[in-house]
Amino acid sequence: MLATHSMNNANELNLRLESTLQELPMWEVQVELDCPGGELIKLFSQQPLLPGIILNQGQCFVGMISRQKFFENMSRPYSFGLFSRRSIESLYKFIQPDLLIFSGEITIVEATQTALKRTLNLAYEPILVATKSGKYGLIDFHQLLLAYSQIYALTLNHLQLVEEQSKTAKAGFQDLQNNYTRLVQNEKMAALGQLVAGIAHEINNPVNFIAGNLVHAINYTQDLLELIDLYQQHYPTPKEPIKNQISAFDLDYVTEDFPNLLASMKIGCDRIQQIVQSLRNFSRLDEAEKKIVDIHEGIDSTLLILGSRLNAEINGVRISIVKDYGNIPAIECYAGLINQVFMKILTNAIDALEESIIKNQELNPHSTGLLNNPEIKIRTEITSNNQVNICIADNGMGIPEDIQKYLFDPFFTTKPVGKGTGLGLSISYQIIVEKHGGQLQCLSTVGQGTELIIQIPVRLS
């Protein structure tokens, strides 16, 4: 009933640009449709990483049920009692899952691109692969993304090698780089949008459940405390066992603290819901076309996502954010792409400040200069020619003049290996200049800091 290939990490596989799905490890756990639904619970318990189970009828392939869809339906009221003892066939007919089936000979790149186009509720569903022998296997969606990432890294290394060896074909190679960055941007945006929106969706469901029940819990608690108070008024002299129990858990303290505890839980739920909303605003999967939006909302959502880095202390100091928002009307833009630009520029500013703080304190341990008060200033304004300026400045160590002219070139990066690809600012430049008809400038002075200035029109041409 159970047969699996070795679940190797995708990073350990010797993949190539033309590698196909049949080169990836697959799950081949199979059950017959006439087995009881409880059998699936056992199989999923035995294999914590098992993404789904292949269903057969008379050893002939019928379909597949994923872990996510199975537990999602079994957790509904009365579903466990209804389906756990009945045959799997009744549950499968009830769910009627959408299946994505590929031939094992299709390339990993093509399969990933197709899988990323699925709707949000199918984003994490495993992929069915039909082998030459007529059997079927399952590939976890995350395993597919890991394999795709390795192929992307190999392609990047190959392009860098070509750059070093093709000095005589510089013009043609520049075209290749530009086309490649567009491809990377499209795939990166699709993958990032799916993952961010998927995470927000997955978090939102349990948080809504907790928040909805928390309201009732607060009301029930208040009713019970009022009932206890009435008992104390009408029965002021309880019997000895009741006195001992009251004394044991300090009823007065619990009565006073319990409402505060529930109030703190509600604040936590509200905070999580705010973060989920920011993730949705940032990903903006439903806004691939140009749309009129509040640019300040996009900046604030990006800052909230970067909150963990901004709140962390670097050698005892913390980066502060200074906002100077102007009175700007809603602008017409590609909101998801603009948010990506904000994310890249703000991430670079944080990286620069962290590096500057560490270097400055190593060289001047008793210094009380600017780098002991690191900050990022964000200023917005509208110009007389109906353009919007968004200025993001840090007070780090700055960028040398001989490096500034390469900042927007593809693959150029000052970061160590593994910390950056050199595509972020290049893609940001394309988004602002080519997609929005705007400008992206860098002003930097060594020892004083760096400022990135985004200028885009209020309405696109």
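These notes cover the structure that comes with them. Per chain, residues are indexed from 1 in the order of the written sequence. For a predicted model such as this one, the threshold for reporting local features is a pLDDT of at least 70, and the threshold for listing and counting side-chain atom pairs is 80 or more; totals across whole chains, interfaces and linings nevertheless cover every residue. To get the side-chain values, take all heavy atoms of the structure and skip hydrogens and water.

## Quick look at the sheet that holds strand β5 (residues 127–130)
Strands belonging to one sheet form pairs held by backbone hydrogen bonds; the direction of such a pair is parallel or antiparallel.
Stage number 1. At least two DSSP bridges between two strands are required for those strands to pair. Working definition: helices are DSSP H or I runs of at least four residues, strands are E runs of at least two. Numbering for both runs from the N terminus. Spatial strand order, β4-β5-β6: 3 strands in an open sheet with mixed pairing. Where the open sheet ends on each side, the last strands, each with one partner, are β4 (101–103) and β6 (136–139). Taken pair by pair, the neighbouring strands of this sheet meet at an average axis angle of 35°, ignoring direction.
Stage number 2. Looking at chain direction, β4 and β5 are connected through 3 bridges and run parallel. In the strand pairing of β5, I101 is matched with L128. Between N-to-C directions, angles cover 0 to 180 degrees, with each direction set by a line fitted to C-alpha atoms, over the stretch in contact for helices.

## Quick look at the side chain of Q387
Stage number 1. On the secondary structure map, Q387 appears in strand β13 (residues 387–394).
Stage number 2. To sort residues, take the accessible area from a 1.4 Å probe on protein chains only and compare it with the maximum for the residue type: under 20% means buried, over 50% means exposed, and anything in between is partly exposed. Classification of Q387 by relative accessible area gives buried; the value is 15%.
Stage number 3. Should any heavy atoms of two residues lie within 4.5 Å, those residues are considered in contact. Apart from residues lying up to four places away in sequence, Q387 is in contact with E381, I382, Q455, I456 and P457.

## Looking at the packing of aromatic side chains
Each aromatic ring pair is described using two quantities: the centre-to-centre distance and the angle formed by the ring planes.
Stage number 1. Whether two aromatic rings pair depends on their centres lying within 6.5 Å, for rings of Phe, Tyr and Trp, where Trp uses its six-membered ring; planes under 30 degrees apart make the pair stacked, over 60 edge-to-face, and the rest tilted. All chains considered together, the criterion is met by 6 aromatic pairs.
Stage number 2. A ring pair is formed by F44 and F70, whose centres lie 5.5 Å apart and whose planes are at 40°; its orientation type is tilted. Of this pair, F44 sits in helix α1 (residues 38–46) while F70 sits in helix α2 (residues 67–74), placing them 26 residues apart in sequence.
Stage number 3. Take F70: its relative accessible area is 0%, and that puts it in the buried class.
Stage number 4. Each ring, one from F44 and one from F71, has its centre 5.6 Å from the other, and the planes form 55°; the classification is tilted. Placement of F44 in helix α1 and of F71 in helix α2 is noted, with a sequence separation of 27 residues between them.
Stage number 5. Among the aromatic side chains, those forming a connected cluster through ring pairs are F44, F70 and F71.
Stage number 6. Geometry around Y334 places K435 over its ring, the cationic atom sitting 4.8 Å from the centre. Charge over a ring is defined by NZ of Lys or CZ of Arg lying within 6 Å of the ring centre and within 35 degrees of the ring normal.

## With respect to the pattern of salt bridges
Stage number 1. Any carboxyl oxygen of Asp or Glu within 4 Å of a side-chain nitrogen of Lys or Arg constitutes a salt bridge here. Under the criterion given, the structure shown has 12 salt bridges.
Stage number 2. Between R16 and E18 there is a salt bridge, with its nearest N and O atoms 3.1 Å apart.
Stage number 3. Note on R16: relative accessible area 36%, which makes it partly exposed.
Stage number 4. On the basis of relative accessible area, E18 is assigned to the partly exposed category, the value being 48%.
Stage number 5. When the shortest N-O distance is used, the salt bridge between R379 and E451 registers 3.6 Å. Of the two residues, R379 sits in strand β12 (residues 375–382) while E451 sits in strand β15 (residues 449–457), which places them 72 residues apart along the sequence.

## Brief notes about the pairing of β12
Stage number 1. Pairing of strand β10 (residues 320–324) with β12, which is carried by 5 bridges, proceeds in the parallel orientation. By the bridge assignment, K323 is partnered in β12 with I378.
Stage number 2. Pairing analysis gives 7 bridges linking β12 to β13, with the strands arranged antiparallel. The residue of β13 that forms the bridge with I378 is I392.

## Overview of α1
Stage number 1. Turning to α1, its buried residues number three or more, namely L40, L43 and F44. Considered in projection along α1, the buried side chains sweep an arc of 95° and stay on one side of the axis. Exposed and facing more than 90 degrees away from the buried side of α1 are K42, S45 and Q46.
Stage number 2. Elements in contact with the buried residues of α1: β1 (30–32), β2 (52–57), β3 (60–66), α2 and α4 (88–95). The arc in question is traced by the directions running from the helix axis to the C-beta atoms.

## Looking at unusual backbone geometry
Stage number 1. With a phi angle near 65°, Q59 is a residue other than glycine that sits in the positive phi range.
Stage number 2. Tracing the backbone through its elements, the reader meets Q59 in the loop between β2 and β3.

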